[in-house]
Amino acid sequence: MNKRVGVVNIGTLVPGLLGQPVVTNTSITIQDGVIVNVGQDPDPADVVIDAAGMTVTPGFVDGHVHPTAGEWTPAQDATGWIRRYLHGGTTSMVSAGELHFPGLALDDLSPETVVSLAVTARAATAHSRPSGMKATFGTLLLVPGLTEGDFDRAQRAGIRLVKFIFYPWSRLGDGEAQRYVQWAHERGMLVKVHSGGVSRSGASKVTGFPVIDAVRPDIAAHLSGGPIPMPAEEMSEVVHNLPEVAVEICSSMNYRATIDLVSELTDIGGLARLTMGTDTPGGTGVIPRGMLRNVLFLSAVCGVSPADAVAVATSNTARWHGLDVGEIAVGKPADLVIMGAVEGSAGSTALEAIALGDLPGIAVVMVDGEVLIGGRSEQTPPPRQSVTISGT
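Report follows, based on the coordinates. (Residues numbered from 1 in each chain as written. Predicted model: local features only at pLDDT ≥ 70, side-chain atom pairs only at ≥ 80, totals over all residues. Heavy atoms only, no water.)

**A few points about the overall build of the chain**
The secondary structure content of the chain amounts to 10 helices and 20 strands. Relative to a compact globule of 392 residues, whose C-alpha radius of gyration would be 21 Å, the chain shows 21 Å and is just as compact. Each of the three principal axes of the chain carries a C-alpha extent, and together these read 60 × 45 × 35 Å. Going through the 392 residues of the chain one by one, you find that 59% of them count as buried. Here the analysis covers contacts within the chain between residues at least 6 apart in sequence; of these, 74% occur between residues at least 24 apart. Here the chain displays about 14,200 Å² of accessible surface, and carbon together with sulfur accounts for 51% of that area. (Helix = DSSP H or I, 4+ residues; strand = E, 2+ residues; numbered from the N terminus. Rg over C-alpha atoms; globule rule 2.2 N^0.38 Å. Buried < 20%, exposed > 50% of the residue type's maximum accessible area, 1.4 Å probe, protein only. Contact = heavy atoms within 4.5 Å. Areas by Shrake-Rupley, 256 points an atom, 1.4 Å probe, with all protein chains shown as cover.)

**Topic: the sheet that holds strand β14 (residues 219-221)**
Pairing in this open sheet of six strands is parallel, and the strands run β11-β12-β13-β14-β15-β16 from one edge to the other. The sheet is open, and its two edges are formed by β11 (139-141) and β16 (274-277), each paired on a single side. Each strand of the sheet is rotated relative to its neighbour by a mean of 30 degrees, with strand direction disregarded. Where strand β12 (residues 161-164) lies against strand β13 (residues 190-194), four bridges are found, and the strand directions are parallel. Bridging from a neighbouring strand, Leu161 pairs with Leu190 of β13. With respect to the sheet, helix α7 (residues 255-267) is in contact with β15 (246-250) and β16, its orientation differing from that of β15 by roughly 150 degrees. Contacting β13, β14, β15 and β16, helix α9 (residues 306-320) runs over the sheet at an angle of about 100 degrees to β16. (Pairing = 2+ DSSP bridges. Axes fitted to C-alpha atoms, helices over the stretch in contact; angles between N-to-C directions.)

**Some thoughts on unusual backbone geometry**
Omega for the peptide link from Gly226 to Pro227 comes to 10 degrees, which places this bond in the cis form. Looking at the secondary structure, you find Pro227 in the loop between β14 and α6 (232-241). The amide bond that connects Thr280 to the next residue, Pro281, takes the cis arrangement and shows omega of -10 degrees. Position of Pro281 relative to the elements: it lies in the loop between β16 and α8 (290-301). Phi is positive for Asp32, close to 55 degrees, though the residue is something other than glycine. Tracing the sequence through the fold places Asp32 in the loop between β2 (23-31) and β3 (34-39). For Asp279, which is not a glycine, the phi torsion comes out positive at approximately 60 degrees. Of note, Asp279 is situated in the loop between β16 and α8.

**What about helix α2 (residues 111-125)?**
The end-to-end C-alpha distance of α2, which contains 15 residues, comes to 22 Å, matching closely the 21 Å that a straight helix rising 1.5 Å per residue would cover. Among the residues of α2, Val114, Val115, Leu117, Ala118, Val119, Ala121, Arg122 and Thr125 are the ones counted as buried. Where α2 is buried, its residues meet β10 (134-136), β11 and α3 (148-156). (Expected span 1.5 Å × (residues − 1).)

Now the structure itself:
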């Protein structure tokens, strides 16, 4: 039985839901890794975390990462990258494909290869959490020639996401791609499509509005660039003509296109469709603060309120990827980040800093009520206040 944990003296609590107001001067009680109470009067607890008046948010959900072998990424020849992302406030991440294995012929992938890659990646993390991260790895990269049996094998292995990135769109008219979407949905899998120009690999396929319209995926990956977007008028068509398709922004974004995308979504009340990731490790690098920087860009540059920017990076991204995280509410997992303004920031709180584009300092990161980072993050400056933890 886990100890009862209380987070007290919270200056501002960000629930993680679009449009939901922040809560001030409150506390959180956690039992067995789950939030059991949110209120001004703290419950008795075995472990008490004094947030020192700082801001508490849900942990960020990175909806677009490219893992290879656990904590090692050959794309940047780096190890320990998942632990570093945890220090950046990310508590959950979702693979957009394990495609960086050295020597993998991306322009000649067989059905057996892609299914085996996904199944192996899933098996390697299904019963473990690298560095404490909630890692949903194992994404089936779709290539010609897959059968329903292949989808059945993936389903048995626990695969929850499939992705078009190397699929030859010259075959779009034969109906195979649409069958893949049907087969995935029949098995409870989500479908993501690489959009825009070619990726760093050079093997991905240029994907504009006509393809998205024909395939009707659940998520259009990095719509505003990853690294470059589709033409502006086609991006606008996705926004206005395909309301059932989520649109993703990533750290590999085209900044100008992202401003336009967020503006269009805001104008039609469509921010609930916006999801977020880093699209790393890869050519964009290893970016421990990637999700936090995305939140800053969304708020300080695109004009989204700080609380709603956090909601995009948490509950929005979680919901579109079928994850039950990203929200501070009774019954939800206690995946939490405590953060505050750093010395020298014009903002007096984390949310004020975010609105100004200033990086806040992370003091605590919790996953399922367990303090994985306590005191301060290795990847941000320290916040002005200091957290105290007693009863450990």
